[in-house]
Amino acid sequence: MKREEVVKLIGLLVVAYPNYDKFRDKSHIKSTVALWETMFADDDFKLVSLALEKHMATSKWPPSIAELREIMADITLPGLLAPDEAWLAVKKLLS
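Before going into details, it helps to say that this report is about the structure given with it.

Here is what the cut-offs are and how they apply
Residues numbered from 1 in each chain as written. Predicted model: local features only at pLDDT ≥ 70, side-chain atom pairs only at ≥ 80, totals over all residues. Heavy atoms only, no water. Helix = DSSP H or I, 4+ residues; strand = E, 2+ residues; numbered from the N terminus. Rg over C-alpha atoms; globule rule 2.2 N^0.38 Å. Buried < 20%, exposed > 50% of the residue type's maximum accessible area, 1.4 Å probe, protein only. Contact = heavy atoms within 4.5 Å. Areas by Shrake-Rupley, 256 points an atom, 1.4 Å probe, with all protein chains shown as cover. Salt bridge = Lys/Arg side-chain N within 4 Å of Asp/Glu carboxyl O. Core = buried A, V, L, I, M, F, W, Y, C linked by side-chain atoms within 4.5 Å. Patch = residues over 30% accessible without salt bridge, like charges linked within 9 Å, V, L, I, M, F, W, Y side chains within 5 Å. Axes fitted to C-alpha atoms, helices over the stretch in contact; angles between N-to-C directions. Parallel < 35°, antiparallel > 145°, perpendicular 65-115°, else oblique. Left-handed = near helix turned anticlockwise from the far one by under 90°. Nonpolar A, V, L, I, M, F, W, Y, C, P; charged D, E, K, R; others polar.

**Here's the deal with the overall build of the protein**
So, step 1. Within the protein one finds five helices and zero strands.
So, step 2. Counted from the first residue to the last, the protein has its helices and strands arranged as α-α-α-α-α.
So, step 3. For 95 residues, the compact-globule estimate of 2.2 N^0.38 gives 12 Å, and the protein exceeds it by more than 25% at 16 Å.
So, step 4. Over its C-alpha atoms, taken along the principal directions, the protein stretches across nearly 50 × 25 × 20 Å.
So, step 5. Going through the 95 residues of the protein one by one, you find that 26% of them count as buried.
So, step 6. Here the contacts in the protein between residues at least 6 apart in sequence split such that 65% fall between residues at least 24 apart.
So, step 7. Working note: accessible area of the protein is about 6800 Å², and carbon and sulfur atoms make up 61% of it.

**As for the pattern of salt bridges**
So, step 1. According to the stated counting rule, one finds four salt bridges in the structure shown.
So, step 2. Between Asp-74 and Lys-54 there is a salt bridge; the shortest N-O distance is 3.4 Å. Here Asp-74, found in helix H4 (residues 65-76), pairs with Lys-54, found in helix H3 (residues 45-58); they are 20 residues apart in sequence, far enough to count as distant.
So, step 3. In this structure Lys-54 comes out as partly exposed when scored by relative accessible area, which is 41%.

**Section: the nonpolar core**
So, step 1. One finds Met-1, Leu-9, Leu-13, Trp-36 and Phe-40 to be the most contacted residues of the largest nonpolar core, which totals 19 residues.
So, step 2. Elements supplying a minimum of two residues to this core: helix H1 (3-16), helix H2 (26-39), H3 and H4.
So, step 3. For this core, the element with the highest residue contribution is H3, accounting for five residues.
So, step 4. When neighbours within four sequence positions are excluded, Phe-40 is seen to be in contact with Met-1, Val-48, Ile-65, Leu-68, Arg-69 and Met-72.

**A word on a nonpolar patch on the surface**
So, step 1. On the surface, a cluster of nonpolar side chains totalling about 350 Å² of accessible area is made up of Trp-87, Val-90 and Leu-94.
So, step 2. Tracing the chain through its elements places Leu-94 in helix H5 (residues 83-94).
So, step 3. Relative accessible area serves as the criterion here: at 68%, Leu-94 is assigned to the exposed category.

**Thoughts on the packing of H1 against H2**
So, step 1. Their axes nearest at 9 Å, the elements H1 and H2 cross at an angle of 130 degrees. Classified by the angle their axes make, H1 and H2 are oblique. Of the two possible hands of crossing, H1 and H2 adopt the one that is right-handed. Residues Arg-3, Val-6, Val-7, Leu-9, Ile-10, Leu-13 and Val-14 of H1 form the contact with H2, whose own contacting residues are Ile-29, Thr-32, Val-33, Trp-36 and Glu-37.
So, step 2. When the residues that make up the contact of H1 with H2 are grouped by side-chain class, the tally is nine nonpolar, one polar and two charged.

Geometry only, nothing functional implied.
Listed below in structure tokens is the structure:
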């Protein structure tokens with residue numbers, strides 16, 4: 001994603017979660033933009049945006065990067081086992 005796209009998504013978070021104290025601090029917003037710019041650099045804006053919208057529709061709290069990645073994986077690879085479920089399946093097969 002481009003920086004302008006990240007800024008747009010963080011702007012949505014600020015509006016969607018007005019009671020989240022950390023979004024009242026401009027330095028926190030800037031550091032969040034910088035982190036997201038790095039973490040989502042190779043991701044498609046539409047996919048991250050869709051994952052963010054899905055999260056905002058179902059959660060009272062802003063998402064972590066890991067939560068968005070899980071939603072993105074669910075969108076692109078429906079039916080994929082969650083890591084903890086996959087590990088349990090592997091352990092079951094090994095025993």
